[in-house]
Amino acid sequence: MELTIGWLYPTLMSTYGDRGNVICLQRRCQWRGIGVKILPLDRETEADRLETVDVIVGGGAQDRQQEIVMRDLKGAKVERLRQKIEQGTPGVFTCGSPQLLGHYYEPALGEKIEGLGILDLVSKHPGFNARRCIGNVVFEITASPLAAELSAMLGEKPVVIGFENHGGRTYLNSTAPLGRVIQGYGNNGQDKTEGAFYRHAIATYSHGPLLPKNPFIADWLIQTALREKYQQEISLTKLDDTLARSAREALFKRLELTTAAKSA
Ligand code: GLN
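Quantities reported herein were computed from a predicted structural model and do not represent experimental measurements.

On to the sheet that holds strand S13 (residues 196-198). As summarised here, the arrangement of the six strands in space is S2-S1-S3-S4-S14-S13, forming an open sheet in which the pairing is mixed. Strands with a single pairing partner mark the edges of an open sheet, and in this sheet they are strand S2 (35-41) and S13. On average, each strand axis in the sheet is tilted by 15° relative to the strand beside it, whichever way the strands run. Helix-sheet contacts for helix H3 (residues 75-86) involve strand S3 (55-58), strand S4 (91-94), S13 and strand S14 (201-204), and the interaxial angle to S3 is about 120°.

Put into structure tokens, the structure is as follows:
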């Protein structure tokens, strides 16, 4: 078995360390003997290369880089990306990426950046003087059927811990939230929603990077990609996540988050 990870604009959208999501997926495949290729999806990538992609990773970026990406994401390339997401290719899109998957992103300065309209959401930066949403973020995944699938995998509610750093605020229309904020800002610091979930696309403001801190999400992405590609349920061998578990517990302790608070 082999998976190809499509990495969206690695040179433009890796400002906040989300390359850690690519490395985490790659290593968790290799540790299981699953072949893995990493395909950078950059400005010089031809649209038909997207056909070979089994899981998509999109990271975060400053407003300026997002504007450059959107100048490139046009025509056949954007149609292929849309098809992949609509067909159920799994992906994890962090911060600046989901802002571009929505209808538009109004940056702090400059013109509104038209998005792909794949997610029914809009994002607006309230201006340079507005407080940035920065800090540790903790949320419970509530999106269906993802929450149930992760709960079955974990044997408990899927609680995510990460780090957010964004000026833009995201407002969901019909697209479901990924989760419910327990601590931090989430989409906009007001409605307690975090991220979005559509088909098999996970959109979140959580850097960290997200996947090494929450390896169960990486395993869900790998399992979903294998199922979509080979059209059969493939169970993953269990990995020793002792280190990740103890790091999570240490962070929950530092954030004074008791089990009760996590599952309130
Ligand atoms: N530039 C966007 C914002 O400030 C996205 C930031 C990010 O990707 N962390 O909201």
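What the second largest pocket holds in volume is close to 310 Å³. Residue lining of the second largest pocket: 25 residues in total, with Gln62, Asp63, Arg64, Tyr105 and His125 positioned closest to the centre. Residue assignment for the lining of the second largest pocket shows that the elements contributing at least two residues are helix H2 (63-72), helix H4 (96-101) and strand S9 (159-166). No other element matches the four residues that H2 contributes to the lining of the second largest pocket. Along the lines of polarity and charge, the residues of the lining of the second largest pocket split into nine nonpolar, eleven polar and five charged.

Attention shifts here to the environment of Ile182. Tracing the sequence through the fold places Ile182 in strand S11 (residues 179-183). Relative accessible area serves as the criterion here: at 18%, Ile182 is assigned to the buried category. A C-alpha to C-alpha distance of 9.5 Å links Ile182 and Thr193, two positions eleven residues apart in sequence.

The next point concerns the site of the ligand. Lining the immediate environment of the ligand, one finds 16 residues, of which Asp63, Gln66, Cys95, Asn165 and Gly168 sit closest. Between the ligand and the protein, one listed contact pairs an oxygen atom with a side-chain N or O atom of Arg132 at 3.4 Å. Within the backbone of Gly167, a nitrogen or oxygen atom sits 3.0 Å from an oxygen atom of the ligand. Here the ligand, which alone exposes 300 Å², has 99% of that area covered by the protein. When atom positions are compared with the pocket grids, the ligand is found to occupy the second largest pocket. Of the residues contributing to the shell around the ligand, the split by class is four nonpolar, ten polar and two charged.

Time to look at the pairing of S11. Relative to S11, strand S8 (residues 133-141) runs antiparallel, the two sharing four bridges. Across the sheet, the residue bridging to Ile141 is Gly179, located in S11. By the bridge criterion, two bridges tie S11 to strand S12 (residues 193-194) in an arrangement that is antiparallel. In the sheet register, Arg180 faces S12, and the bridge partner there is Thr193.

What follows covers the packing of aromatic side chains. By the definition in use, this model includes one aromatic pair. Positioned above the aromatic ring of Tyr104, the side-chain terminus of Lys112 is 4.0 Å from the ring centre.

Here we take up H3. Residues separated by three or four positions in an α-helix point in the same direction, a consequence of the helix having 3.6 residues per turn. Here H3 is twelve residues long and its end C-alpha atoms lie 17 Å apart, about the 16 Å a rise of 1.5 Å per residue gives. Along H3, the residues that are buried comprise Lys77, Val78, Leu81, Lys84 and Ile85. Each buried residue of H3 sits inside an arc of 120° when the element is viewed along its axis, so together they form one side. If you follow the buried residues of H3, they end up packed against S3, H2, S4, H4, S13 and S14. Within two residues after H3, Gly88 carries a phi angle of roughly 100°, on the positive side.

This next bit is on the pattern of salt bridges. Under the definition given, this model contains 13 salt bridges. With a shortest N-O distance of 3.2 Å, Asp54 and Lys229 are connected by a salt bridge. Taken as a pair, Asp54 in the loop between S2 and S3 and Lys229 in helix H7 (residues 215-230) lie far apart in primary sequence, 175 residues in all. Relative accessible area serves as the criterion here: at 11%, Asp54 is assigned to the buried category. We note a salt bridge from Asp72 to Lys77, for which the minimum N-O separation is 2.9 Å. Neither residue differs from the other here; Asp72 and Lys77 are each classed as buried. A single network of salt bridges, built from pairs that share partners, joins Arg28, Arg32, Asp219 and Asp241.

Cut-offs used in this document
Once a new chain begins, its residue numbering starts again from 1 and follows that chain's sequence as written. Owing to the predicted nature of the model, reporting of local features is limited to residues with pLDDT of at least 70; listing and counting of side-chain atom pairs is limited to 80 or more, with chain, interface and lining totals taken over all residues. Side-chain metrics in this entry use all non-hydrogen atoms of the structure; hydrogen atoms and water are not considered. Strands qualify as paired when DSSP identifies two bridges or more between them. The helix and strand labels rest on DSSP assignments: H or I over at least four residues marks a helix, E over at least two residues marks a strand, and numbering proceeds from the N terminus. Angles here are taken between N-to-C directions and fall from 0 to 180 degrees, while the axes themselves are lines fitted to C-alpha atoms, restricted in helices to the stretch in contact. Contact criterion: two residues are considered in contact whenever any of their non-hydrogen atoms come within 4.5 Å of each other. A cavity, in this analysis, means grid points on a 1 Å lattice covering only the protein atoms where a 1.4 Å probe fits yet has no way out; a pocket is instead an open set bounded by protein on both sides within 12 Å along at least five of seven lines, and a residue lines either one if it has an atom within 4 Å of a point. Grid points are joined across faces, edges and corners, and a volume is the space filled by probe spheres set on the points. Note that Gly is not counted as nonpolar here; it falls among the polar residues with everything else outside the nonpolar set of Ala, Val, Leu, Ile, Met, Phe, Trp, Tyr, Cys and Pro and the charged set of Asp, Glu, Lys and Arg. Per-residue accessibility, obtained with a 1.4 Å probe over protein chains only, is compared with the maximum for each type, and a residue is labelled buried under 20%, exposed over 50%, and partly exposed between these values. Throughout this document, a residue counts as near a molecule or strand when at least one of its heavy atoms sits within 4 Å of that molecule or strand. By the criterion applied in these results, polar contacts are pairs of N or O atoms within 3.5 Å in which, for protein atoms, one can donate a hydrogen and the other can accept it, and in which residues neighboring in sequence qualify only through two side-chain atoms. Here the open area of atoms and residues is found with the Shrake-Rupley method and a 1.4 Å probe, where only the protein chains shown may cover a residue. If over half the atoms of a molecule are within 2 Å of the grid points of a cavity or pocket, the molecule is regarded as sitting in it. Aromatic pairing here means that ring centres of Phe, Tyr or Trp (its six-membered ring) are within 6.5 Å. Orientation follows from the plane angle: under 30 degrees is stacked, over 60 is edge-to-face, and everything else is tilted. Two conditions define a charge located above a ring, namely a distance within 6 Å from the ring centre to NZ of Lys or CZ of Arg, and an angle within 35 degrees of the ring normal. For a helix, the expected span equals 1.5 Å multiplied by the number of residues minus one. The arc refers to the directions leading from the helix axis to the C-beta atoms. Here a salt bridge means any side-chain nitrogen of Lys or Arg lying within 4 Å of a carboxyl oxygen belonging to Asp or Glu.

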